[in-house]
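Fold and geometry: a report
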Amino acid sequence: MKKIKQASIWLVFAGLLISMAGCNVAGLKLQENADYHPYVLDPHIDKTTWQYIKDRSYNFAGKDTIFKLMRQAIEYSGIDTNLYIKTNCTFILLHNDAIYRTTLVNKVPTITADCYWGKYLVNGVPGKKWSDYPKEQVKNYLLYLIVQGAYSFNNLTPGNVIATTLQPLNYDPLNPTSVITLRVNDDQNFTMRLNDFSNSVGYVSVRTSNILPVNGAIQVIDRVLFYQTK
C-alpha cells in the first residue's frame with residue numbers, strides 16, 4: 001500500500017510539471033529553447049614568452065604570481081633571457097606548484113616528491129630556495145624546458161613527437177640526447193602529455209596548454225618534469 005501511495009504522488013508531481021510547460025512559475029516564464037553558438041577562446045596572447053613570464057610573476061598588480069618561482073630560477077641561474085623571445089620554440093613554464101608543493105603528513109606541511117625542490121634533494125632533504133642548488137644545474141634544467149619547434153594542438157596527435165631541447169647534449173646521463181616527447185591523450189579531455197612514453201618512470205600532464213605567444217607555444221605544468229626510463 002505504501003508503494004502505491006508513493007507511485008501516486010510521483011504521478012501527480014509529473015502531471016504538475018507537464019501542466020506547467022508553457023506557463024509561468026512564480027511570475028517567471030520558463031526558459032525557452034535557444035540555439036547554442038559555440039565560441040573558442042583565442043589562444044594568442046600578442047606578446048613574447050618572456051613578457052608573459054614577467055607579467056605573471058612580479059608585475060601583475062601583485063596578484064597573479066604563478067611564475068614567481070620560475071622567474072627567480074631564471075634570474076638566479078643567469079640563463080640568457082633572450083632565449084624566451086626565441087622564435088619557433090615551445091616553452092614549458094613552471095607553475096609555482098611544479099617547484100614547491102606541500103602536503104600534510106601527520107598534520108605537518110611536507111614538501112612532495114613531485115615538485116622540483118622535493119625531487120632534487122640537497123644533502124638528503126628538499127631544497128628551500130634556488131640558491132641551495134648549483135647555478136649550472138638550475139640553468140640546464142631551464143634549458144630542458146625550451147623545446148625546438150612550436151608544438152600545440154595545431155600539430156600534435158596521440159602519437160609521440162620526439163623533440164630536441166636546448167639542454168646541452170650529454171648533460172643528463174639519463175637523457176644524453178636531451179630530448180622530450182609531446183603528445184595529446186586520445187580521450188574526451190584531450191590532455192597534452194610530456195614524456196609519456198613506453199617505460200617512462202612518469203609523465204606530466206600539462207596544466208594549461210596551447211597558449212600562443214608571438215614567438216611559439218607555451219605549455220604550463222604544475223609537476224616537475226624529467227626524462228627517465230624504468
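Residues numbered from 1 in each chain as written. Predicted model: local features only at pLDDT ≥ 70, side-chain atom pairs only at ≥ 80, totals over all residues. Heavy atoms only, no water.

1. Brief notes about the side chain of Asn 210
- Turning to its location among the elements, Asn 210 is positioned in strand β11 (residues 208-211).
- Side-chain polar atoms of Asn 210 contact the side chain of Ser 152, separated by 3.5 Å.
- Setting aside chain neighbours within four positions, we find Asn 210 in contact with Pro 43, Ser 152, Phe 153, Asn 154, Ile 218 and Gln 219. (Helix = DSSP H or I, 4+ residues; strand = E, 2+ residues; numbered from the N terminus. Polar contact = N/O pair within 3.5 Å; in protein donor to acceptor, adjacent residues only side chain to side chain. Contact = heavy atoms within 4.5 Å.)

2. Comments concerning the pattern of salt bridges
- Applying the stated rule across the entire model yields 11 salt bridges.
- Arg 101 is paired through a salt bridge with Asp 114; the nearest N and O atoms lie 3.9 Å apart. Placement of Arg 101 in the loop between α4 (96-99) and β4 (102-105) and of Asp 114 in the loop between β5 (108-111) and α5 (116-119) is noted, with a sequence separation of 13 residues between them.
- By relative accessible area, which is 28% here, Asp 114 ends up partly exposed.
- A salt bridge links Arg 183 to Asp 196; the nearest nitrogen and oxygen atoms lie 2.6 Å apart. Of this pair, Arg 183 sits in strand β8 (residues 179-184) while Asp 196 sits in the loop between β9 (192-194) and β10 (204-205), placing them 13 residues apart in sequence.
- Since its relative accessible area comes to 11%, Arg 183 is described here as buried.
- Via salt bridges that share partners, Asp 97, Arg 101, Asp 114, Arg 207, Asp 222 and Arg 223 belong to a single interconnected network. (Salt bridge = Lys/Arg side-chain N within 4 Å of Asp/Glu carboxyl O. Buried < 20%, exposed > 50% of the residue type's maximum accessible area, 1.4 Å probe, protein only.)

3. Some points on the nonpolar core
- Tyr 84, Leu 93, Trp 130 and Leu 225 are the most contacted members of the largest nonpolar core, which totals 52 residues.
- Apart from the residues within four sequence positions on either side, Leu 93 is in contact with Thr 49, Tyr 52, Ile 53, Phe 67, Met 70, Ile 218, Gln 219, Val 220 and Ile 221. (Core = buried A, V, L, I, M, F, W, Y, C linked by side-chain atoms within 4.5 Å.)

4. Quick word on the environment of Arg 207
- Relative to the helices and strands, Arg 207 is located in the loop between β10 and β11.
- The sequence separation of Arg 207 and Thr 191 amounts to 16 residues, and the corresponding C-alpha distance is 8.6 Å.
- Once residues lying within four places of it in the same chain are set aside, the contact partners of Arg 207 are His 95, Asp 97, Val 220, Ile 221 and Asp 222.
- Engagement of the side chain of Arg 207 in a polar contact is seen with the side chain of Asp 222, the distance being 3.3 Å.

5. What about the confidence of the model for the protein?
- Across the protein, the average pLDDT comes to 87, with 81% of residues at or above 70.
- The low-confidence segment residues 1-13 (pLDDT under 50) makes zero contacts with residues lying over four places distant or belonging to another chain.
- For residues 16-20, every residue scores under 50 in pLDDT, and the model assigns this stretch two contacts once sequence neighbours within four places are set aside. (pLDDT = per-residue confidence, 0-100.)

6. Side note on the sheet that holds β10
- One open sheet holds the four strands; their spatial order is β7-β8-β9-β10, and the pairing between them is antiparallel. At either margin of the open sheet sits one strand with a lone partner, and together these are β7 (161-164) and β10.
- As defined by bridge partners, β7 adjoins β8 across four bridges and the pair is classed as antiparallel. Considered in β8, the bridge of Val 161 is made with Leu 182. (Pairing = 2+ DSSP bridges.)

7. Regarding the sheet that holds strand β12 (residues 216-221)
- In space, the four strands of this open sheet follow the order β6-β3-β12-β11, with mixed pairing throughout. Looking at strand neighbours, the two that pair on one side only are β6 (146-148) and β11, the edges of this open sheet. Between one strand axis and the next, the sheet turns through 15° on average, direction left out of account.
- Both strand β3 (residues 89-94) and β6 contribute to a ladder of three bridges, which runs antiparallel. Across the sheet, residue Thr 90 finds its bridge partner in β6, namely Val 147. (Axes fitted to C-alpha atoms, helices over the stretch in contact; angles between N-to-C directions.)

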